[in-house]
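Listed here are the chains, written in short residue letters.
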Amino acid sequence: MSVRASDAPKGAVTIRVDCLARVEGEGGLQVKLRGDRVQELKLRIFEPPRLFEGFLRGRHFTEVPDITARICGICPIAYQMSSIHALERALGVEIDPMTRLLRRIFYCGEWIESHALHVYMLHAPDFLGCQDVIEMAAAHKQAVNDALRLKKIGNDLVTLIGGREIHPVSAAVGGFYKVPARRQLEGMREALLWALEASLNTVRLVAGFHFPDFEQDYEFVSLSHPDEYPFNEGRLVSNRGIDIDVMEYEDCFAERHVRHSTSLHSAVRARGSFLVGPLARFNLNYEKLTPLARQAAADAGLAPPCRNQFKSIVVRAVELVFACEEALRLIDAYEPPVTPMAPVEVRAATGQAVTEAPRGSLYHRYRIDDDGIVVDARIIAPTSQNLRRIEDDLWSFIPKIASKSVDEMTWQCEQAIRNYDPCISCSCHFLKLHLERAPE
Amino acid sequence: MSSDAKHKPKIAVFKFASCDGCQLSLLDAEEHLLAVAGAVDIAYFPEASRRMLKGPYDIGLVEGSVTTHHDAQRIQQARRQCRTLVTIGACATAGGIQALRNWNDVNEFVSYVYSNPDYIQTLKQSTPIAEHVPVDFELRGCPINKYQLVEFIAATLAGRKPNIPTYSVCLECKRRAAICVAVARGLACLGPVTQAGCGAICPAYGRGCYGCFGPMENPNAKALARRFAELGNDREQILRAFRNFNAWSWQFRAATEEREQQ
């Protein structure tokens, strides 16, 4: 972390952090302060644009899930699932009920792997005053070893279904190229039972962290399903009255392109910034959590609505409990699908989908022609949706910590950004901190 | 990352245009991570640590391709700081999926994705690291195989040559006793021209290899393209097969550009 601080006359301070650590991708933050008032604030995203929507045009629809996975190495399954659901919706594909179930298990694996990574390796070091997980391992060896094993169990589940943990190869429009036998999934039971215990311990550990007193009036947005805690399906809802079919996504939300970011900024057209991710899911779908996950949340002092984004680390831990339990439940119910690959009839069509990536809702829209070639594509990553909200948080948070030293302020700003588990590689499809204190 | 780092070799991880998946492989080497961290000093790895030590570094792992003027300068600095420079993954080694822009008008791509194209600065082409600086070793894959990464680090520490095969996926496929999808089902499989390393996952999952480890040593890509045509694939299908994650590797490029001229 490079911090450059210059003490200009009359208390004017410039802080510049050239690269925000422990996030996936590249970005920085630029802040101008006068006393404790923020005058200017820009979350600068300089992840080089990779232009996925540009080159998806001209590709065959069957190639799309393999290509979109490459937007993010941390949550490739989310990208595969949103693109597959959007294309299946376009083509009216009816999947086998067991395929649907297997996709949920697949998603559980990604949530376990990604949440374990973020909770322990990227976020917990902030709360424990460590530079990174290796330093954390010196004082918390058992916790770090358990974290690595927990993450590995998530990866093993993904590998079993998808062939490998990063950019798995089995998911396809219509179903799976190959599905596991029941006994193969049953082989994961013991590990998942251990993971469930480790997740409960994780909730206890992170619940004991110190959380800044920082509640915001968020608009929470997430999928919501009548019977399930959301992964792949549902309507898009918010605590301020949004309740739409995902087809209406672009009518409800707008993307804005700002000069300081290669990632687009999203907003609710009628109002402004909003929040997607674990806190939104928890607040909007609390009743759909398992009794054990709800109990773990209650024991951690967490009840909806939770409006402190610093506590998202506890919510992630609760979602770890949920994902382990859900995977166990689904494995018990699993029989290999009768038709692992549902027939797909190609025609010109348009389809949209939202699925819940570990870090929040992920929107995809595709239009394909009569030959199944993509002619139009739109992908809106969770971090794009959260960017404006992250800036809003920092506008409110920085005045509260303005009396602290430059180093402390810098670290706490980083922590506030890491609350969002930002995936900058995705959102550009992320961070330098530049803090300037102007004279009073 | 550790304080006891006086005599340990220093490792740096640099990121260019990429998905972060290859550097994640280092964190994904769960059972080896603490052992690796004990043997080396992970001195610069922004995705995992706030602590960023200055170079020089003994080993530099480079992920991602060069797509901006700034990155074209940054890779020169990275090279100067590293005794051994290794590219990790298809983006750094061959330009990645984002090299598909190289056959198109990048300005049109930018206007398609962004409402204010003038805010975006990007190069016409996405290029591999070796087009900019000398590269000492390539770890292939989209993503890399984490065991190959651990093997590379272990071999470098021991002063021996890393045991990374350069033969084709077909050998791994046979060893895995998978049924050849090209012979049995007539699928367009890139296995015969693709470097081993993944463990022949795709054929084992009942689909053709899509070449994420890039060209093997001396591949006959043009002959395979002709075979794809005999199997009933049209020109566009053949071009798409070779033009994905390693499209800009010169061997795959030669095969597709020959086909385009026909």
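Residues numbered from 1 in each chain as written. Chains lettered and ligands numbered in written order. Predicted model: local features only at pLDDT ≥ 70, side-chain atom pairs only at ≥ 80, totals over all residues. Heavy atoms only, no water.

## Structural notes on the sheet that holds strand E13 (residues 360-368) of chain A
Two modes of strand pairing occur in sheets, parallel and antiparallel, and in both the strands are linked by backbone hydrogen bonds. Residues and elements named next belong to chain A. We count it as follows: We treat two strands as partners when DSSP finds at least two bridges between them. A run of DSSP states H or I qualifies as a helix once it reaches four residues; a run of E qualifies as a strand once it reaches two. Both are numbered from the N-terminal end. Comment: axis = line fitted to C-alpha atoms, over the contacting stretch for helices; angle = value between 0 and 180 degrees taken between N-to-C directions.
With antiparallel pairing, three strands are arranged side by side in an open sheet as E12-E13-E14. Where the open sheet ends on each side, the last strands, each with one partner, are strand E12 (349-357) and strand E14 (374-380). With direction set aside, neighbouring strand axes in the sheet form an average angle of 15°. Of the strand pairs in this sheet, E12 and E13 are connected by nine bridges, and their pairing is antiparallel. Looking at the pairing, glutamine 352 lines up with arginine 365 of E13.

## Quick look at the sheet that holds strand E2 (residues 41-44) of chain B
All names here are of chain B. Taking strand neighbours across the sheet as the criterion, the five strands line up as E2-E1-E3-E4-E5 in an open arrangement whose pairing is parallel. The open sheet has two free edges, formed respectively by E2 and strand E5 (137-139), since each of these has just one partner strand. Across the sheet, the axes of successive neighbouring strands diverge by a mean angle of 30°, strand direction being ignored. Pairing geometry for strand E3 (residues 57-63) and strand E4 (residues 82-88), over six bridges, is parallel.

## Side note on unusual backbone geometry
So the rule is basically this: Residue exposure (1.4 Å probe, protein chains only): buried if accessible area is under 20% of the type maximum, exposed if over 50%, otherwise partly exposed.
Look at the link from proline 304 of chain A to proline 305 of chain A: it is a cis peptide, with omega at -5°. With respect to the helices and strands, proline 305 of chain A occurs in the loop between helix H11 (291-299) and helix H12 (312-333). Between cysteine 142 of chain B and proline 143 of chain B the backbone carries a cis peptide bond, its omega angle lying at 10°. Within the fold, proline 143 of chain B resides in the loop between E5 and helix H6 (146-158). At aspartate 421 of chain A, a position not held by glycine, the phi torsion is positive, near 50°. Within the element layout of this structure, aspartate 421 of chain A appears in the loop between helix H14 (406-418) and helix H15 (424-427). Exposure remark for aspartate 421 of chain A: the relative accessible area of 1% places this residue in the buried category. With a phi close to 50°, asparagine 218 of chain B is a non-glycine residue in the positive phi region. Structurally, the position occupied by asparagine 218 of chain B is in the loop between helix H9 (201-204) and helix H10 (221-230).

## A short note on the packing of aromatic side chains
Residues and elements named next belong to chain B. Basically, it comes down to this: Two rings belonging to Phe, Tyr or Trp (six-membered ring only in the last case) form a pair when the distance between their centres is within 6.5 Å. Interplanar angles under 30 degrees mark stacking, angles over 60 mark edge-to-face geometry, and anything in between is tilted.
Scanning the entire structure with this criterion turns up 25 aromatic pairs over all chains. Seen from their ring centres, tyrosine 44 and tyrosine 57 are 6.3 Å apart, and the 35° between their planes marks the pair as tilted. Within this pair, whereas tyrosine 44 is found in strand E2, its partner tyrosine 57 is found in strand E3, the two being separated by 13 residues in sequence. For tyrosine 57, a relative accessible area of 5% corresponds to the buried category. Where tryptophan 103 meets tryptophan 248, the ring centres are 5.1 Å apart and the plane angle is 80°; that geometry is what we call edge-to-face.

## A word on the side chain of threonine 410 of chain A
All names here are of chain A. In plain terms, the rule: Counting of polar contacts relies on pairs of N or O atoms within 3.5 Å, with two restrictions inside protein: one atom must be capable of donating a hydrogen and the other of accepting it, and residues adjacent in sequence are counted only when both atoms are side-chain atoms.
Along the chain, threonine 410 turns up in helix H14. Residue classification places threonine 410 among the buried residues on the basis of a relative accessible area of 1%. Looking at threonine 410, its side chain comes within polar contact range of the main-chain oxygen of valine 406, at 2.7 Å.

## Re H12 of chain A
Which entries qualify depends on this criterion: Expected span, for any helix, means 1.5 Å times one less than how many residues it has.
Its 22 residues give H12 of chain A an end-to-end C-alpha distance of 31 Å, which sits within 8% of 32 Å, the value for a rise of 1.5 Å per residue. The buried count for H12 of chain A comes to 18 of 22 residues, which makes it a mostly enclosed element.

## Considerations on the pairing of strand E1 (residues 10-15) of chain B
Residues and elements named next belong to chain B. Of all six residues that make up E1, five are buried, and the element is covered over most of its length. Direction of pairing for E1 relative to E2: parallel, over a ladder of three bridges. When the bridges of E2 are listed, alanine 12 appears paired with tyrosine 44. Sheet analysis places E1 next to E3, joined by five bridges and oriented parallel. Counted as the bridge partner of alanine 12 is glycine 60 from E3.

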